[in-house]
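Coordinate analysis (summary)
Chain by chain, the residues run as shown.
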Amino acid sequence: MNAYLDITLRSVAVYFFMIIALRIFGKKELSQLNTADVILILLISNSVQNAMVGANTSLYGGIIAAFSLFLINYIFKKVMLKSKFIKELVQDKPEVLIHNGKIEFKTIARLGITAEELEEAMREHGIEYYKDVKLAMFEIDGNISIISGNENLKQTHHKRKVHKTLGELNN
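Parameters and conventions
- Residues numbered from 1 in each chain as written.
- Predicted model: local features only at pLDDT ≥ 70, side-chain atom pairs only at ≥ 80, totals over all residues.
- Heavy atoms only, no water.
- Helix = DSSP H or I, 4+ residues; strand = E, 2+ residues; numbered from the N terminus.
- Buried < 20%, exposed > 50% of the residue type's maximum accessible area, 1.4 Å probe, protein only.
- Contact = heavy atoms within 4.5 Å.
- Phe/Tyr/Trp six-rings, centres within 6.5 Å; stacked < 30°, edge-to-face > 60°.
- Core = buried A, V, L, I, M, F, W, Y, C linked by side-chain atoms within 4.5 Å.
- Axes fitted to C-alpha atoms, helices over the stretch in contact; angles between N-to-C directions.
- Parallel < 35°, antiparallel > 145°, perpendicular 65-115°, else oblique.
- Left-handed = near helix turned anticlockwise from the far one by under 90°.
- Nonpolar A, V, L, I, M, F, W, Y, C, P; charged D, E, K, R; others polar.
- Salt bridge = Lys/Arg side-chain N within 4 Å of Asp/Glu carboxyl O.

With that settled, the discussion passes to the overall build of the chain. Looking only at helices and strands, the chain features seven helices and four strands. Each helix (α) and strand (β) of the chain, taken in turn from the N terminus, gives the series α-α-α-α-β-β-α-α-β-β-α. Expressed as a percentage of its 171 residues, the buried residues of the chain come to 24%. Considering only contacts within the chain whose residues lie at least 6 apart along the sequence, 63% involve residues at least 24 apart.

Right, here's the structure in full:
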């Protein structure tokens, strides 16, 4: 088998392994990384490097592995946009953490969110008391979005913007 085809297939296999692992271990791992999370990511990248390139440590081998990862990621995102089944298989749905000041304790416990994390998110949004939260959501990217019950609503935290084309909005 061609050495570069071998690197491509290994890289694609590692990519799908990482998608499955993140799905199993949860989206919380993607949000607001602490020191242990950064160390984990560094160790994972080091541990899968040899699995992708094998004995080939050449510049071309590294470029082929990186290109394969970019390409499969691009293709996979396009497939997720078109296939509701694949999207639901890979991505979780947003979850309600607080609704009209009432904390959803079962959901918070299942997601492994601590009181400190929830209170930190509230402080980031300028909210001091749980009773002042109209809606708190655990988003698919691992962030906590909060809407207060105040009449003076303002945007206080925004991680990223997604710009959609008119074609994507119609689908």
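For the structure shown, the criterion picks out three aromatic pairs. Here the aromatic rings of Tyr-15 and Phe-76 are separated by 6.1 Å at their centres, their planes lie at 80 degrees, and the arrangement is edge-to-face. In this pair, Tyr-15 sits in helix 1 (residues 3–25) while Phe-76 sits in helix 3 (residues 59–82), placing the two residues 61 residues apart along the sequence. Both residues of the pair, Tyr-15 and Phe-76, count as buried.

Counting residues in hydrophobic clusters, the biggest one holds 14 residues, and the most contacted among them are Leu-97, Ile-98, Ile-113, Val-133, Ile-144 and Ile-146. Among the elements of the structure, strand 1 (95–99), helix 5 (105–111), helix 6 (115–124), strand 3 (133–138) and strand 4 (144–148) are those that each provide at least two residues to this core. Not counting chain neighbours up to four residues away, the residues in contact with Ile-146 comprise Ala-121, Met-122, His-125, Ile-127, Val-133, Leu-135 and Ala-136.

Now for the environment of Gly-61. The topology assignment puts Gly-61 in helix 3. Along the primary structure Gly-61 and Ile-7 are separated by 54 residues, whereas in three dimensions their C-alpha atoms are 7.0 Å apart. If near-sequence neighbours (up to four positions away) are discounted, Gly-61 is found in contact with Tyr-4, Ile-7, Val-53 and Asn-56.

Following both chains from N to C, one finds helix 1 and helix 3 inclined at 45 degrees, their axes separated by 9 Å at the closest point. Here helix 1 is positioned oblique relative to helix 3, judged by the angle of their axes. As helix 1 runs across helix 3, the sense of the crossing is right-handed. Residue-level inspection shows Tyr-4, Ile-7, Thr-8, Ser-11, Val-12, Tyr-15, Phe-16 and Ile-19 of helix 1 in contact with helix 3, the latter providing Tyr-60, Gly-61, Ile-64, Ala-65, Ser-68, Leu-69, Ile-72, Asn-73 and Phe-76. Of the residues contributing to the contact of helix 1 with helix 3, the split by class is twelve nonpolar, five polar and no charged.

Applying the stated criterion across every chain yields a total of five salt bridges. The closest approach of N and O atoms between Arg-10 and Asp-6, which form a salt bridge, is 3.0 Å. Placement of both Arg-10 and Asp-6 in helix 1 is noted, with a separation of four residues, approximately one turn of the helix. Taking the relative accessible area as the measure of exposure, Arg-10 reaches 31% and is therefore partly exposed. In this structure, the salt-bridge partner of Asp-132 is Lys-131, at a minimum N-O distance of 3.5 Å. A relative accessible area of 25% places Asp-132 in the partly exposed class. Several salt bridges share partner residues, and in doing so they unite Lys-84, Glu-88 and Lys-93 into one network.

On their own, these measurements won't tell you what the molecule is for.
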